[in-house]
Amino acid sequence: MIEPILSDDSLLADIEAAKSQPEALHVWWLGQSGFLLQHRGKHVLLDPYLSDSLTSKYADSDKPHDRMTRIPVAPERLGFVDIVTSSHAHTDHLDPGTLGPLVATNPSLLMVVPEAARAVARERTGLSREQIVGMDEGATAEMAGVRFTGVASAHEELQTDTDGHHKYLGYVIEFGPWRIYHSGDTLLYQGLAEKLRPHQVHLALLPINGRVPARGVAGNLDGPEAARLAHAIGAGLVVPCHYEMFTFNTASPDLFVAEAERLGQPYRVLRVGERLTLE
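Residues numbered from 1 in each chain as written. Predicted model: local features only at pLDDT ≥ 70, side-chain atom pairs only at ≥ 80, totals over all residues. Heavy atoms only, no water.

S.K.: What exactly am I supposed to notice about the sheet that holds strand E12 (residues 237–241) here?
M.R.: Strands in a sheet are paired, the pairing made by backbone hydrogen bonds, and the direction either parallel or antiparallel. If you trace the six strands from one edge of the open sheet to the other, you get E7-E8-E9-E10-E11-E12, paired in mixed fashion. Edge strands, defined here as strands with exactly one partner in the open sheet, are strand E7 (140–143) and E12. Across the sheet, the axes of successive neighbouring strands diverge by a mean angle of 20°, strand direction being ignored. Both E7 and strand E8 (residues 146–152) contribute to a ladder of four bridges, which runs antiparallel. Opposite Met143, over in E8, you have Val146 as the bridge partner. With respect to the sheet, helix H6 (residues 223–233) is in contact with strand E11 (203–207) and E12, its orientation differing from that of E11 by roughly 155°. (Pairing = 2+ DSSP bridges. Helix = DSSP H or I, 4+ residues; strand = E, 2+ residues; numbered from the N terminus. Axes fitted to C-alpha atoms, helices over the stretch in contact; angles between N-to-C directions. Contact = heavy atoms within 4.5 Å.)

S.K.: Please explain the pairing of strand E13 (residues 275–278) as it appears in this structure.
M.R.: The side chains of a regular strand alternate between both faces of the sheet. Along E13, the buried face is formed by Leu276 and Leu278; none of Arg275 and Thr277, which line the opposite face, is buried. In this structure, strand E1 (residues 25–31) lies alongside E13, joined through four bridges in antiparallel fashion. If you follow Val27 over to E13, its bridge partner there is Leu276. (Buried < 20%, exposed > 50% of the residue type's maximum accessible area, 1.4 Å probe, protein only.)

S.K.: Hey, could you run me through the nonpolar core in this one?
M.R.: Side chains that are nonpolar tend, in soluble globular proteins, to be buried together. Of all hydrophobic cores here, the largest spans 54 residues; its most connected members are Phe35, Phe148, Ile173, Ile180, Leu203 and Leu206. Beyond its immediate chain neighbours, meaning those up to four positions away, Phe148 contacts Val44, Ile83, Thr85, Val112, Met135, Ala139, Thr140, Ala141, Met143, Tyr171, Val172 and Ile173. Within the second largest apolar cluster, 23 residues are counted, among which are Leu30, Leu36, Val113 and Ala121. (Core = buried A, V, L, I, M, F, W, Y, C linked by side-chain atoms within 4.5 Å.)

S.K.: Where do I start with the packing of H6 against helix H7 (residues 254–263) in this structure?
M.R.: Between two packed helices, both the angle of their axes relative to each other and the distance between the axes serve to describe the pair. Axis separation between H6 and H7 bottoms out at 7 Å; the angle between their running directions is 35°. Seen along the crossing, H6 lies across H7 with a hand that is right-handed. The segment H6 lies against H7, with Gly223, Pro224, Ala226, Ala227, Arg228 and His231 engaging Leu255, Phe256, Glu259, Ala260 and Leu263. (Left-handed = near helix turned anticlockwise from the far one by under 90°.)

S.K.: Would you explain the side chain of Ser7 in this entry?
M.R.: Secondary-structure assignment places Ser7 in the segment before helix H1 (8–17). Among the polar contacts made by the side chain of Ser7, one reaches the side chain of Arg70 at a distance of 2.9 Å. Those residues in contact with Ser7 that sit more than four places away from it in its chain are Arg70 and Pro72. (Polar contact = N/O pair within 3.5 Å; in protein donor to acceptor, adjacent residues only side chain to side chain.)

S.K.: Even after reading the chapter, I still don't get the pattern of salt bridges, so can you show me in this structure?
M.R.: A side chain of one charge can pair with a side chain of the opposite charge when the charged atoms of the two come close. Considering all chains together, one arrives at 15 salt bridges under this definition. Residue Glu115 pairs with Arg118 through a salt bridge whose shortest N-O separation is 3.3 Å. One salt bridge connects Glu259 with Arg228, and the closest N-O pair in it is separated by 3.3 Å. Placement of Glu259 in helix H7 and of Arg228 in helix H6 is noted, with a sequence separation of 31 residues between them. Under the relative-accessibility criterion, Arg228 is labelled partly exposed at 40%. Because the salt bridges share partners, they merge into one network encompassing Glu3, Asp8 and Arg70. (Salt bridge = Lys/Arg side-chain N within 4 Å of Asp/Glu carboxyl O.)

Interpretation in functional terms is not warranted from these geometric data alone.
Written as structure tokens, this is what we have:
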């Protein structure tokens, strides 16, 4: 089992200590596609998966979800979160085992989800209709001083529900002067870089586990593709994610690093529980 670099009390202490630099953007990787963002004392939690829901669900199946990295912090200890996001309805991105305890400790929590997953989000969180903001491709919403823009993601392909709402989204998040792109799960598709380039992204958070049909799950960018997408959009920095969570669906960041260095694309590889600070 991989141990987080910071966890539990030490992670919470680091989150508190970061408040001494309120104008900076502080980012912690919490595993899979989960990140905590802090700026000016506000906190946005992206796609958190802080439970063993999937390990339990698939324990007796032919696709066991054996966890590789220990949970860095219990969700009920994150009693300071202002906004939580989900990029789509897959459990490692919209997890009732994480969101239930998180909502219990943050009763005024706001949530950003694809409109296509809004009903599922209500069911899994217990939040009121007014607390959940449904998003779509090109839509924008502002809450608690943070602005979100939806960007369609292709988890194998671009998909919409019967009402035409995109099932998979990434978000460009404007948090003070900072612009963060969190893709959720996506492959590279024609036009994605062109959509993102005008946002002048400071930080891109991109999956690198790749597409291996034999795994039996939808694919994502691989490491070199993530580095190339970050370079194509002019990202100031790129951080890889969506690996070292489940043994059957992971990848090494080595090829991502090699391609980023070849392109001259600034990057940072985080360990779970590690903080990145942009000033």
